[in-house]
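Residues per chain, in single letters:
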Amino acid sequence: MRIPRVHADQPLSAGADCTLPSGPARHLAQVLRLGPGAEVVLFDGSGHDFPATITHSGRDGVEVRLGAPGPVEPAPRLEIHLALGVSKGERMDFALQKAVELGVTRITPLCTERSVVRLDGARLARRLDHWRGVVVSACEQSGRRRLPRLDDLQALPDWLAAGWPGGLILDPRAERALTALAPPETGVTLLIGPEGGLSEREIAQARAQGFSGVRLGPRILRTETAPLAAIALIQGLWGDLGD
């Protein structure tokens, strides 16, 4: 039987007894129905997995005793920052989930001119919490021991003004293919638009901030497909895909 692996949003240390937060506690006790003596694996996002044994499990909470941490997850060979125009529900979730599985280190959701989804106030807070859950779940599933950073929603012009190294923007009309680029000296910042793509003005703004247009091929990819194809290719060329 596969040992359940869950994220605990609290510092973990070897030999400690700890009470799990409500989310993972409910999953272990009420969904998986694990009781005292069951083995689990916890990680706090700092780079280690901790084997643990449940010492108490019930509706009032779950307590575990932690073992010695496993080996630290190596630092990524290539820092990949995905800046993604917000798209509708399942498309955004899919893109986030698979980007995490492919090894991105930072994600920034963007509000763009053609964004169909408009978020503010309580609705924005709920959506950010949901996206954080998607990121955590993808780490649990894929074995990542470091959590990618998820930024708050930002307007594209404000985000561009901050300046980003290694900026790439997908453009099927670009002269250069992604495979023709030299290996990046720093990390890669990948800018992807929402369902309707980025406007010509936004593309010009990105280019003015040093972003280079690159193409993946002759086809126009959907907003949930484009980042995954690009990240997989980037990881295959310069990152750790295939290690």
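Residues numbered from 1 in each chain as written. Predicted model: local features only at pLDDT ≥ 70, side-chain atom pairs only at ≥ 80, totals over all residues. Heavy atoms only, no water.

You'll find the protein entered in an unreviewed UniProt entry as Ribosomal RNA small subunit methyltransferase E, with Marichromatium bheemlicum given as the organism. Entered under Subcellular location (unreviewed entry) in the UniProt record, the comment concerning the protein runs "Cytoplasm". You can read under Catalytic activity (unreviewed entry) in the UniProt record for the protein the words "uridine(1498) in 16S rRNA + S-adenosyl-L-methionine = N(3)-methyluridine(1498) in 16S rRNA + S-adenosyl-L-homocysteine + H(+)". (UniProt positions renumbered as here; feature names shortened; annotations may be inferred.)

**Student:** Provide a residue-level description of helix H5 (residues 200–208), including the pertinent values.
**Tutor:** Looking at H5, one finds that the buried residues are Glu 202, Ile 203 and Ala 206. Taken end-on, H5 shows its buried residues confined to a sector of 100°, consistent with a single buried face. Away from its buried face by more than 90 degrees, H5 exposes Arg 201 and Ala 208. Summarising the contacts, the buried residues of H5 are in contact with helix H4 (156–161), strand S10 (167–170) and strand S11 (188–192). Note on H5: the residue one or two positions beyond its end, Gly 210, has a positive phi of about 95°. (Buried < 20%, exposed > 50% of the residue type's maximum accessible area, 1.4 Å probe, protein only. Helix = DSSP H or I, 4+ residues; strand = E, 2+ residues; numbered from the N terminus. Arc of directions from axis to C-beta. Contact = heavy atoms within 4.5 Å.)

**Student:** Explain the sheet that holds strand S5 (residues 61–66) to me, and be specific about the residues and the numbers.
**Tutor:** As summarised here, the arrangement of the 5 strands in space is S1-S3-S4-S5-S2, forming an open sheet in which the pairing is mixed. Strands at the two margins of the open sheet, each flanked by one partner only, are strand S1 (5–7) and strand S2 (17–19). Across the sheet, the mean angle from the axis of one strand to that of its neighbour is 40°, orientation sign disregarded. When strand S4 (residues 49–58) meets S5, the two strands line up antiparallel, connected through 6 bridges. Residue Ser 57 lies in a different strand from S5, and its bridge partner there is Val 62. (Pairing = 2+ DSSP bridges. Axes fitted to C-alpha atoms, helices over the stretch in contact; angles between N-to-C directions.)

**Student:** Please set out the pairing of S4 residue by residue, giving values where relevant.
**Tutor:** The pairing of strand S3 (residues 39–43) with S4 spans 5 bridges and is antiparallel. From the neighbouring strand, Glu 39 faces S4, where its bridge partner is Thr 53. The turn joining S4 and S5, which pair antiparallel and follow one another in sequence, is formed by 2 residues.

**Student:** An account of the pairing of strand S6 (residues 80–85) is requested, with residue identities and associated values reported.
**Tutor:** Along S6, 6 of the 6 residues are buried, which leaves the element largely enclosed by surrounding structure. Side-chain alternation along S6 places Ile 80, Leu 82 and Leu 84 on one buried face and His 81, Ala 83 and Gly 85 on a second face that is also buried. Relative to S11, S6 is paired through 5 bridges, and the arrangement is parallel. Each bridged residue has a counterpart across the sheet, and for His 81 the counterpart in S11 is Thr 189. Pairing between S6 and strand S7 (residues 106–111): 5 bridges, direction parallel. Residue pairing across strands places His 81 opposite Arg 106, the latter belonging to S7.

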